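Understanding the architecture of this molecule
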Amino acid sequence: MDLSLSLRGVRFPGPVGTASGTFGYAKEYESLVDFSKIAAVYTKAVTPEPRIGNPAPRLVETASGMLNSIGLANVGVEAFIRDKMPFLRTIPSKIVVNVAGSTDFDYEAVIEALEPVEGIDGYEINVSCPNVNHGGLGLGTDPTLVAAVTKAIRARTQRPLIIKLSPNVTDIAAIALAAEAEGADAVSCVNTLVGMVIDLTTKKPVLPWGTGGLSGPAILPVAVAAVYKVSRKVSIPVIGLGGISRWEDAVQHLLAGASMIQVGSGTFANPALAQEVAQGIESWARREGVFTMAEIHELAR
Amino acid sequence: MKQFVSEVLENRELIENYFEISFFWPADCRIPLPGQIVTINVTSSSSPYLRRPFALSSFHRDTRTAKILYQVRGPATQILSRKRRGDTLDCLGPRGFAFTVEKDRRPFVVGGGFGVGPLVYAAQYLVEKGHRPLLVLGFASKNLCPRLELLPSVTTQICTADGTQGFHGTPVHYLESLKEQKQREGFVWTFDTRTKMKETHLWAQKMGLPCQVCWDEVLACTVGACQGCTVASTNGGTMLRTCTEGPVFRSERLVWT
């Protein structure tokens, strides 16, 4: 059984990763998970400066899901390198650093700081966070802007470069193609959906900026549709995420065309979910008589 | 902190809305200190989606029987109230900073509502450690006050808003009715709604007493990874994680709205 994926010479030994924002900087889960069963950890988004994040409340539960409005709270790239990378270097999982920002300068500044740092296996560029209050859904809705960011980062690194796509767009495949054209090695598909909960007592939205990002099983069909669409347009690998709470959900992503998947908010209720999904995918593949990702994709043709 | 699946031993209704669930606490998992939380995933289905924080109301060392006295407040506690002997309980804990004792002062353990269970646990803990806590619990009315099994050595004052049992008024009204000298001798542990805890915090501030609150906020990961359960601190607007820097905080550290 070989479900590995190589991006720009970096071999990810299996198809399961933990999604940015849901796994902190990995150390938080040290006593609860077996890192040898998790192929990749996508870190919490890193910005040039530390960010306190949004006011409380930052979470609200929804039917089979949740909204978050964390606001990219993170320690900033300097403290990330100094305080978080040491532990990240000790785990067998591949480390993909999620990079967030609001201008070209932000992204480039973070990449430049991270380039000399050992133990980083790739970058996932967050162009799609719906929670940063700079007046829009982020530059992830504009293929021209995504192309520009991808190009600028591509020029600064030889490491695997993954662009994380927003589902809050009219044509997600266009965004994916723009990223591919400028040298992205893969796209991850999808970030959270924009959602809102209104409190019947206060008559106002629960979250401070009104909307938040929707995660959970409720979005699985949206994510699978996006993976299906994008994987038929680009030649680079698609990393599927969104709504995975059981191995069967991950298999849907793979059959839709994903070559790897990420487990996100599902980890909150079940910290062992990533390794359970990894086991479930493998057992399923064996039952289907397939042993590589190419053969899994063949099943769907 | 461990994740474990336990088995429900008993789940009984004390009074309308208050239940007490008993379950086995594994030998290789530390016994929670007062104020620490254990988060429970009440269902294997996707709704409710998130774990919920609880704190123990009692722990019996010989049998390692843990109890949680909880209030039914929403869909998750509804599901919890329907669990029967033999059903599973998916637990993650203990977690967070516990209440701490202030030297040379008398403990006032104050609150009500969903705070009752953890405050009973706290008061019993203090007695076991040789202190003389005053447990002050507030309810709207006599028929909303569950019968509590407390060690006789815990001095308890029930307060009701309508005066149908115990002191007529809130716990803070009761505390204010004590001799000023007695008030100033104390330190406070409190757990209740935010409005009530703010009232307690302001009284403690006025009397110059150290005050610790147990903060209740929606949480997701339990382990400090997601930054979702935060509360604003007075230190330059820094956000503190309820599950990691809390759930117990010195009351003056928080921004009260």
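So, here's what we can say about the structure.

Rules and cut-offs
- Residues numbered from 1 in each chain as written.
- Chains lettered and ligands numbered in written order.
- Predicted model: local features only at pLDDT ≥ 70, side-chain atom pairs only at ≥ 80, totals over all residues.
- Heavy atoms only, no water.
- Buried < 20%, exposed > 50% of the residue type's maximum accessible area, 1.4 Å probe, protein only.
- Helix = DSSP H or I, 4+ residues; strand = E, 2+ residues; numbered from the N terminus.
- Pairing = 2+ DSSP bridges.
- Contact = heavy atoms within 4.5 Å.
- Buried area = accessible area lost by both parts, 1.4 Å probe.
- Salt bridge = Lys/Arg side-chain N within 4 Å of Asp/Glu carboxyl O.
- 1 Å grid on protein atoms, 1.4 Å probe; cavity = no way out; pocket = protein on both sides within 12 Å on 5 of 7 lines; lining within 4 Å.
- Points joined across faces, edges and corners; volume = space filled by probe spheres on them.
- Disulfide = S-S within 2.5 Å.
- Axes fitted to C-alpha atoms, helices over the stretch in contact; angles between N-to-C directions.

Residue and element names in this part refer to chain A. Taking every second residue as pointing to the same face, the buried face of strand 11 (residues 193–196) carries Leu 193 and Gly 195, while none of Val 194 and Met 196 on the other face is buried. As paired strands, strand 11 and strand 12 (residues 211–215) are joined by four bridges and run antiparallel to one another. Directly across from Val 194, in strand 12, lies its bridge partner Gly 213.

Our next topic: the interface of chain B and chain A. Each side of the interface is counted separately: chain B has 30 residues, and chain A has 32 residues. Surface buried jointly by chain B and chain A totals about 2300 Å² across both partners, of which 60% is contributed by carbon and sulfur atoms. Of all residues in chain B, the largest losses of buried area upon contact with chain A belong to Tyr 49, Ala 225 and Gln 227 of chain B, amounting jointly to 28% of the total for that side. The tally of links between chain B and chain A comes to one salt bridge.

This part is about the layout of surface pockets. Residues and elements named next belong to chain B. Roughly 600 Å³ of internal volume is contained in the second largest pocket. Lining the second largest pocket are 25 residues, with Ser 57, Ser 58, Phe 59, His 60 and Gln 124 sitting closest to its centre. Elements with a minimum of two residues in the lining of the second largest pocket: strand 1 (2–15), strand 5 (58–60), strand 6 (65–71) and helix 2 (116–128). In terms of residues, the lining of the second largest pocket owes the most to one element, helix 2, which gives five residues.

Here we take up the environment of Val 251 of chain A. The residue Val 251 of chain A is located in helix 6 (residues 247–256) in this model. Taking the C-alpha atoms as reference, Val 251 of chain A lies 10.0 Å from Glu 282 of chain A; in sequence the two are 31 residues apart.

Let's shift gears to the state of the cysteines. If you walk through the whole model with that rule in mind, you get zero disulfides over all chains. As a non-bridged cysteine, Cys 214 of chain B has Cys 211 of chain B as the owner of its nearest cysteine sulfur, 12 Å distant.

Paired through backbone hydrogen bonds, the strands of a sheet run either parallel or antiparallel to each other. Residues and elements named next belong to chain B. Taken in spatial order, the seven strands line up as 4-3-7-1-2-6-5 in an open sheet, and their pairing is antiparallel. Strands with a single pairing partner mark the edges of an open sheet, and in this sheet they are strand 4 (52–54) and strand 5. The average undirected angle you get between the axes of adjacent strands in this sheet is 35°. Of the strand pairs in this sheet, strand 3 (residues 37–41) and strand 7 (residues 88–95) are connected by four bridges, and their pairing is antiparallel. When the bridges of strand 7 are listed, Asn 41 appears paired with Asp 90.

Moving on to unusual backbone geometry. Note that the residue after Cys 189 of chain A, namely Val 190 of chain A, is joined by a cis bond; omega there is 25°. A cis amide bond links Ser 47 of chain B to the next residue, Pro 48 of chain B, at an omega of -5°. Locating Pro 48 of chain B in the fold gives a position in the loop between strand 3 and strand 4. Notably, Arg 8 of chain A is not glycine yet its phi reads approximately 50°, a positive angle. Mapped onto the elements of the fold, Arg 8 of chain A is located in the loop between strand 1 (5–7) and strand 2 (10–12). Within the chain, Leu 72 of chain A stands out as a residue other than glycine whose phi angle is a positive 55°. The residue Leu 72 of chain A is located in the loop between strand 6 (65–68) and helix 1 (76–88) in this model.

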